[in-house]
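Descriptive structure summary
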Amino acid sequence: MSGSKLFPYALVLACVAVLAIGQILFKEFSLRLNKVGSFMALSVHDYAVFALAGVLYAASSVIWVIALREIPLSRAYPFMALGYILVPLAALALYGEQLSFRYFLGVCIIIVGLMVTASPGPTE
């Protein structure tokens, strides 16, 4: 058990961040595949990008399990919604993907939802 009540939540946030990086690497791999046209034409470096994304997913799973040792799943899982914020923002920054007003409205809803689910209730 960790000494800080916040440490498990830091692990949850790290899990989300690592998953988001993995998603960006999967996007990068898909762009490289589109560029060369076939899996056979990909380089070792291209496959390394894909493999790294998989390793990050595995690492994220380990981090998640460690966090769940101290946080109920019902309290931790809503934070996974942060991925819906981080990944599109990274896609905007890295690939110039467009984000609509509806996306930002959704971000606001996610943030409000996290504030509601993360705040202690009257019995906690």
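Throughout what follows, the structure given in this document is the object of discussion. Predicted model, so just to flag it, every value in this text is computed and none were measured.

So, the overall build of the protein chain
- Helix and strand content of the protein chain: 5 helices and 0 strands.
- Each helix (α) and strand (β) of the protein chain, taken in turn from the N terminus, gives the series α-α-α-α-α.
- In terms of overall size, the protein chain is more extended than a compact globule, its C-alpha atoms giving a radius of gyration of 17 Å where 124 residues would be expected to give roughly 14 Å.
- In terms of its C-alpha atoms, the protein chain occupies a principal-axis envelope of roughly 60 × 40 × 20 Å.
- Taken over 124 residues, the protein chain has a buried fraction of 25%.
- For the protein chain, the accessible surface area stands at approximately 8100 Å², while carbon and sulfur atoms represent 73% of it.
- If the 7 positive side-chain charges of the protein chain are averaged to one point and the 5 negative ones to another, these points end up 3 Å apart.

Regarding the nonpolar core
- Core analysis: the largest hydrophobic core is formed by 9 residues, namely Leu11, Val12, Cys15, Trp64, Ala67, Ile71, Ala76, Phe79 and Leu114.
- At the level of secondary structure, the elements contributing two or more residues to this core comprise helix H1 (7–36) and helix H2 (44–68).
- If you tally residues by element for this core, the top one is H1, at 3 residues.
- Those residues in contact with Leu11, other than ones at most four positions away along the chain, are Ile63, Ile66 and Ala67.

A few points about the pattern of salt bridges
- Scanning the model with the defined rule gives 3 salt bridges in all.
- Across the salt bridge formed by Glu28 and Arg32, the nearest N and O atoms sit 3.1 Å from each other. With Glu28 and Arg32 both in helix H1, this residue pair falls 4 residues apart, about one helical turn.
- For Asp46, the salt bridge goes to Arg32, with nearest N and O atoms at 3.0 Å. Highlighted residues: Asp46 in helix H2 and Arg32 in helix H1, separated in sequence by 14 residues.
- According to the relative accessible area criterion, Asp46 is buried, its value standing at 10%.
- Here the salt bridges do not stand alone but share partners, grouping Glu28, Arg32 and Asp46 into one network.

Notes on the packing of aromatic side chains
- The final tally for this structure, using the stated rule, is 8 aromatic pairs.
- Judged by centre distance (5.6 Å) and plane angle (55°), the rings of Phe26 and Phe50 are tilted. Here Phe26, found in helix H1, pairs with Phe50, found in helix H2; they are 24 residues apart in sequence, far enough to count as distant.
- Given the relative accessible area of 40%, Phe50 is considered partly exposed.
- Consider the rings of Phe29 and Phe50, whose centres lie 4.9 Å apart with planes at 45°: the pair is tilted. With Phe29 in helix H1 and Phe50 in helix H2, this pair connects stretches of sequence that are 21 residues apart.
- Exposure remark for Phe29: the relative accessible area of 7% places this residue in the buried category.

Thresholds applied
Residues numbered from 1 in each chain as written. Predicted model: local features only at pLDDT ≥ 70, side-chain atom pairs only at ≥ 80, totals over all residues. Heavy atoms only, no water. Helix = DSSP H or I, 4+ residues; strand = E, 2+ residues; numbered from the N terminus. Rg over C-alpha atoms; globule rule 2.2 N^0.38 Å. Buried < 20%, exposed > 50% of the residue type's maximum accessible area, 1.4 Å probe, protein only. Areas by Shrake-Rupley, 256 points an atom, 1.4 Å probe, with all protein chains shown as cover. Lys, Arg positive; Asp, Glu negative; His and termini not counted. Charge placed at Lys NZ, Arg CZ, Asp CG, Glu CD. Core = buried A, V, L, I, M, F, W, Y, C linked by side-chain atoms within 4.5 Å. Contact = heavy atoms within 4.5 Å. Salt bridge = Lys/Arg side-chain N within 4 Å of Asp/Glu carboxyl O. Phe/Tyr/Trp six-rings, centres within 6.5 Å; stacked < 30°, edge-to-face > 60°.

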